[in-house]
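The lines below spell out each chain.
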Amino acid sequence: MIAKSPLKQDEGDEWVRMGGVKMLVDGGFEGGHMSAPFAGEYGKGGTFYGLTVVPPKDFNAVIKQINDLGWRATTHAVGDAAIDEVLDAYEAADAEHPIAGKRWAIEHLFVSRPEQLVRMKRLDLMLSVQDHLYLAAPALKNYLGMARASQITPVKTISMPGFLVVGGTDSPVIPFDPFFAYYHFLTRDTISDGVYGANERVGSRETLLRMITINYAKLTGEADIKGSIEPGKLADFAVLSDDLLTVADAKIPSMKALLTFVGGHEVFRDPAMK
């Protein structure tokens, strides 16, 4: 299907462009493919490990074709067993045509193991993560048990080896509110069940700000025109109700944009502003 497509990778403009091929190998909240069974009743007596949506043989073949054609892939992988499947396919493709430096990525990365990070680093992968735990902590605790749930999306750990980590929201699966994501990764607090995995708090607000701005532009290959306010770049920016670098933690979830500019033109103004 890719070979017959009239589209070309990176074709488009600053509004819409063809960035690559999105794949998936497992389920989501209730079906991430894990190396250990789900907890309690959800584990069905230790027999339910989540869902494999695309069998490894088929996934390997598609990833090989994507790489052979010079395209890049990003793959939805929630559980650590799913990440194994992705890494096996990426490594096989890399052996034929190296993928390092080509912006290949893994999406979500709820549950991972330390040795997988070594493999990811070797392939020079980018990691795209979101704040699902902020909203769904109780459900994830029920599905996986507190030990695993508390370590879901370990941003502090995956930031340490020097990965490019990109923060997003996965809307509409969870609310589109960048302040929720920023707050959760800073504090590991959740909407309804307290702090999960305080060891994974990201202490640097600048790191978090980069995750949701310039790092995203690097992931999409647009860091020369987007992601930071600099001469020569598009004038895309927002005026916020508070300073993200200094505002009290507790105020972050209720922050909002007062003004939004795209390409130097005002596209939104809070009605309360005169």
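Shown above is the structure to which this text applies.
The present account deals with the structure reproduced in this document. Quick caveat, the model's predicted, so the values are computed rather than measured.

**Focus on the overall build of the chain**
Okay, step 1: Secondary structure summary: the chain contains nine helices and eight strands in total.
Okay, step 2: Here the C-alpha atoms of the chain give a radius of gyration of 19 Å, agreeing with the 19 Å that 2.2 N^0.38 yields for 274 residues.
Okay, step 3: Taking the principal axes of the C-alpha coordinates as reference, the chain spans close to 60 × 45 × 30 Å.
Okay, step 4: Within the chain, the proportion of its 274 residues that are buried is 44%.
Okay, step 5: Considering only contacts in the chain between residues 6 or more positions apart, those separated by 24 or more positions represent 66%.
Okay, step 6: For the chain, the computed accessible surface area is about 13,500 Å², with 59% contributed by carbon and sulfur atoms.
Okay, step 7: In the chain, which carries 28 positive and 35 negative side-chain charges, the distance between the mean positions of the two groups comes to 1 Å.

**Thoughts on the sheet that holds strand β5 (residues 164-168)**
Okay, step 1: Reading across from one edge, β1-β2-β3-β4-β5 is the order of the five strands in this open sheet, with parallel pairing throughout. At either end of the open sheet lies a strand with only one pairing partner, and these are β1 (21-24) and β5. Ignoring which end each strand starts from, the neighbouring axes of this sheet average 25° apart.
Okay, step 2: Taken together, the four bridges between β1 and strand β2 (residues 73-77) define a ladder with parallel strand orientation.

**What to know about the packing of aromatic side chains**
Okay, step 1: Scanning the entire structure with this criterion turns up eight aromatic pairs.
Okay, step 2: Seen from their ring centres, F29 and F110 are 6.2 Å apart, and the 40° between their planes marks the pair as tilted. Residue F29 is found in the loop between β1 and α1 (56-68), and its partner F110 is found in the loop between β3 (105-108) and α3 (114-123); the two are separated by 81 residues along the sequence.
Okay, step 3: We classify F110 as buried; its relative accessible area is 2%.
Okay, step 4: Relative to Y183, the ring of Y134 has its centre 6.0 Å away and its plane inclined at 75°; by these criteria the two rings are edge-to-face. One end of the pair, Y134, is in helix α4 (residues 132-144); the other, Y183, is in helix α7 (residues 178-187), with 49 residues separating them in the sequence. Note on accessibility: Y134 and Y183 belong to one class, buried.
Okay, step 5: In this structure an aromatic cluster arises from ring pairing among F38, Y42, F48 and Y143.
Okay, step 6: The ring centre of F48 lies 5.1 Å from the NZ or CZ of K44, which sits over that ring.

**What about the pattern of salt bridges?**
Okay, step 1: Applying the stated criterion across every chain, the model contains 19 salt bridges.
Okay, step 2: One salt bridge in this structure joins R72 and D10, with 3.1 Å as the shortest N-O distance. In this pair, R72 is assigned in the loop between α1 and β2 and D10 in the segment before β1, connecting sequence segments 62 residues apart.
Okay, step 3: Its relative accessible area of 10% is what places R72 among the buried residues.

**Thoughts on the sheet that holds strand β7 (residues 257-262)**
Okay, step 1: Taken in spatial order, the three strands line up as β6-β7-β8 in an open sheet, and their pairing is antiparallel. Looking along the sheet, the strands with just one partner apiece sit at the ends: β6 (237-240) and β8 (265-269). If you compare each strand with its neighbour and ignore which way they point, the axes differ by 20° on average.
Okay, step 2: With four bridges joining them, β7 and β8 adopt antiparallel strand pairing. Residue pairing for β8: L259 is matched across the bridge by R269.

**With respect to the side chain of Q130**
Okay, step 1: Considering the arrangement of structural elements, one finds Q130 in strand β4 (residues 126-130).
Okay, step 2: Within the local environment of Q130, its side chain forms a polar contact with the side chain of S128, the two groups lying 3.3 Å apart.
Okay, step 3: Once residues within four sequence positions are removed from consideration, Q130 is found in contact with E107, H108, T153, G168, T169, D170 and F185.

**Notes on the pairing of β5**
Okay, step 1: Within β5, five of the five residues are buried, leaving the element largely enclosed by the surrounding structure.
Okay, step 2: Covered by surrounding structure in β5 are L164, V166 and G168 together with V165 and G167, the residues of both alternating faces.
Okay, step 3: Both β4 and β5 contribute to a ladder of five bridges, which runs parallel. By the bridge assignment for β5, M126 is matched with L164.

Definitions and limits used
Residues numbered from 1 in each chain as written. Predicted model: local features only at pLDDT ≥ 70, side-chain atom pairs only at ≥ 80, totals over all residues. Heavy atoms only, no water. Helix = DSSP H or I, 4+ residues; strand = E, 2+ residues; numbered from the N terminus. Rg over C-alpha atoms; globule rule 2.2 N^0.38 Å. Buried < 20%, exposed > 50% of the residue type's maximum accessible area, 1.4 Å probe, protein only. Contact = heavy atoms within 4.5 Å. Areas by Shrake-Rupley, 256 points an atom, 1.4 Å probe, with all protein chains shown as cover. Lys, Arg positive; Asp, Glu negative; His and termini not counted. Charge placed at Lys NZ, Arg CZ, Asp CG, Glu CD. Pairing = 2+ DSSP bridges. Axes fitted to C-alpha atoms, helices over the stretch in contact; angles between N-to-C directions. Phe/Tyr/Trp six-rings, centres within 6.5 Å; stacked < 30°, edge-to-face > 60°. Lys NZ or Arg CZ within 6 Å of the ring centre and 35° of its normal. Salt bridge = Lys/Arg side-chain N within 4 Å of Asp/Glu carboxyl O. Polar contact = N/O pair within 3.5 Å; in protein donor to acceptor, adjacent residues only side chain to side chain.

Function cannot be inferred from these measures alone, as they are strictly geometric.
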